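Remarks on the overall topology
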Amino acid sequence: MGIESFFPVQVSTWLETIGPGAFQRDICINSPTGSGKTLAYALPIVQMLSTRKVRCLRALVVLPTRDLALQVKEVFDAIAPVVGLTVASAVGQSSIADEISDLIKKSKQELYPSLDDEYVEMEPQTKVDILVATPGRLMDHINMTKGFSLEHLQYLVVDETDRMLREAYQSWLPTVIQFTRPTNQNHFRHDTPGRTLLHPLTTIRRSGKKRYRIPTKLESYKLICTSNIKPLCLIVLLQELRGEKCLVFTKSVDDSHRLSTLLGFFEDLPFKFSEFSSLQRESTRRKTLAAFKEGKIDVLIGSDIMARGIHIDGLRYVINYEMPQYVKTYIHRAGRTARAGESGSCFTFLRKNEVKRFDKMLKKADGSSCILRSLPEESIDSLRPVFETALEKLKDKLKGSTEPEASKKSNKSGDKVPGALKRKRGKQT
Ligand SMILES: Nc1ncnc2c1ncn2[C@@H]1O[C@H](COP(=O)(O)OP(=O)(O)OP(=O)(O)O)[C@@H](O)[C@H]1O
């Protein structure tokens, strides 16, 4: 995997799980974005399960979205098979039937109908050791999939905990805790005694001190500009970043759509951009993300859907087109860069009357300092004539369009997203 040494959170977690600190308890990992939390929990889990004798579901990792879950599964896929462990996902990417056949062994009774029921019940039925899931699909399997059992679960990871615990997601957590208890304790066997969740997860308390930390190699900049010329300031800033990969965060999907449509009316921009929106089809988003990762698109414009967990190698710049409302949002957005010990910069556009509030907000994060950055007036002025025309076109387009929102959005930046264009043509014919 190209890893030469472990990051601090990985060392600490290892020491607390496998190393001298190891004893049975829950662990709360709180560490900056991009600091390597996935491997921090994946490595000890894989290490601990490597001695297991019977295959059944022993580790469950739950994440709020499919994209994040698949990203985490990739990490487990890289390390678990080496010690003979099997990993699966339950995220709704494939049909439930396909997921079930990945997860569940055909019972002996199905294979050999003459076997008696008692013997069949003793067979562990899941054929994976580690499952990475989203709450919705997990609940589907808990409620409906015959043979899906959490009875042998030893490790439960709640990734993106704040979000996972804020939203109930069909009460998945109490349900999981309930089903990790054996129906009959006498029949409960483990490879490693004493490593099972036999008690509810402990509550994580807020400690009252600063809970947020900015990655050490992140530089924060603020740019002050009035709303009426903000798109121009953005273009000038993007020009200055010279086509380096960059994420632009707006405050809503509608704003992302408007901004990318507007930029589409500027010709010859020296960067390729695309909208990234929760209203787009997942396949469109996946293609856009792949194109971005491959460097075919330089700039993604989206709302906070991009802010959580997504890892893009070599991403150096994040732009807050609007000031984030909370320091946590700032941290998650900025945390898409300066990951894995790399450096990165986060730029935030502010109106004059927002500066004080922004400075106060950033103070809530450890290690934050913010540099005032200005943009060359002449570059902004040179774009004004095109801007006028672009605004007119935008008004017409938004007024005149009768297409449903999702399809409008996927077409916003012309032919940069091939799937979107094809669908539009299909519709018109
Ligand atoms: N020890 C290491 N050496 C080099 N690279 C590493 C190491 N550990 C993890 N990485 C890489 O660092 C990147 C960030 O890791 P990861 O996504 O786990 O961060 P994270 O702390 O979960 O971030 P977030 O809070 O934003 O989800 C990944 O590309 C991962 O492969």
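One can find the structure itself at the top, above this paragraph.
First, a word on scope: everything that follows refers to the structure included in this document. All figures in this text were calculated on a predicted structure; none of them were measured in a lab.

Parameters at a glance
Residues numbered from 1 in each chain as written. Predicted model: local features only at pLDDT ≥ 70, side-chain atom pairs only at ≥ 80, totals over all residues. Heavy atoms only, no water. Buried < 20%, exposed > 50% of the residue type's maximum accessible area, 1.4 Å probe, protein only. Helix = DSSP H or I, 4+ residues; strand = E, 2+ residues; numbered from the N terminus. Pairing = 2+ DSSP bridges. Right-handed = clockwise from strand over helix to strand, strands pointing away. Axes fitted to C-alpha atoms, helices over the stretch in contact; angles between N-to-C directions. Near = heavy atom within 4 Å. Polar contact = N/O pair within 3.5 Å; in protein donor to acceptor, adjacent residues only side chain to side chain. Areas by Shrake-Rupley, 256 points an atom, 1.4 Å probe, with all protein chains shown as cover. Salt bridge = Lys/Arg side-chain N within 4 Å of Asp/Glu carboxyl O. Contact = heavy atoms within 4.5 Å.

**With respect to the pairing of strand E8 (residues 273-276)**
- Here E8 shows a buried face lined by Phe273 and Glu275 and a second buried face lined by Ser274 and Phe276.
- With 4 bridges joining them, E8 and strand E9 (residues 299-302) adopt parallel strand pairing. In the strand pairing of E9, Glu275 is matched with Ile301.
- Handedness of the β-α-β unit built from E8, helix H12 (residues 282-293) and E9 comes out right-handed.

**Section: the sheet that holds strand E6 (residues 218-224)**
- Ordered by their spatial adjacency, 7 strands build an open sheet running E8-E9-E7-E10-E11-E6-E13, and the pairing between neighbours is parallel. Strands with a single pairing partner mark the edges of an open sheet, and in this sheet they are E8 and strand E13 (370-372). Strand-to-strand twist of the sheet, defined as the mean angle between neighbouring strand axes without regard to direction, takes the value 25°.
- Judged from the 7 bridges that link them, E6 and strand E11 (residues 344-350) form a sheet pairing that is parallel.

**Notes on the site of the ligand**
- Taken together, 19 residues lie around the ligand, and Gln10, Lys37, Thr38, His311 and Arg339 are the ones closest in.
- At 3.2 Å from an oxygen atom of the ligand is found a main-chain nitrogen or oxygen belonging to Ser35.
- Between the ligand and Gly36, the relevant distance is 3.1 Å, taken from an oxygen atom to a main-chain nitrogen or oxygen of the residue.
- Contact with the protein chains removes 82% of the 640 Å² of surface that the ligand exposes when unbound.

**Section: the pattern of salt bridges**
- Summed over all chains, the structure comprises 18 salt bridges.
- As a salt-bridge pair, Asp162 and Lys328 come within 3.3 Å of each other at their nearest N and O atoms. Taken together, the residues span a long stretch of sequence, with Asp162 in helix H8 (residues 161-166) and Lys328 in helix H13 (residues 327-334) at a distance of 166 residues.
- Overall, Asp162 belongs to the partly exposed group, its relative accessible area being 30%.
- As a salt-bridge pair, Asp255 and Lys251 come within 3.0 Å of each other at their nearest N and O atoms.
- Relative accessible area serves as the criterion here: at 14%, Asp255 is assigned to the buried category.
- Of the residues examined, Lys251 reaches a relative accessible area of 59% and is grouped as exposed.
- Among the ionic contacts, a cluster of salt bridges with common partners joins Arg52, Arg55 and Asp129.

**Details of helix H10 (residues 230-240)**
- Buried residues dominate H10, accounting for 9 of its 11 residues.
- Turning to H10, its buried residues number three or more, namely Lys230, Pro231, Leu232, Cys233, Leu234, Ile235, Val236, Leu237 and Leu238.
- Once H10 finishes, Arg242 follows within two positions and takes phi at roughly 55°, a positive value.

**Examining the sheet that holds strand E3 (residues 130-133)**
- Spatial ordering of the open sheet is given by E2-E3-E1-E4, a layout of 4 strands whose pairing is parallel. The open sheet has two edge strands with one neighbour each: strand E2 (87-90) and strand E4 (155-158). Direction aside, neighbouring strands of the sheet carry axes that sit 15° apart on average.
- Here 4 bridges tie strand E1 (residues 59-62) to E4, and the two strands are oriented parallel to one another. Of the residues in E4, the one forming a bridge with Val61 is Val157.
- Lying over the sheet, helix H3 (residues 66-79) contacts E1, E2 and E3, oriented at roughly 175° with respect to E2.
- Against the sheet, helix H9 (residues 172-179) contacts E1 and E4, and its axis sits at roughly 175° relative to E4.

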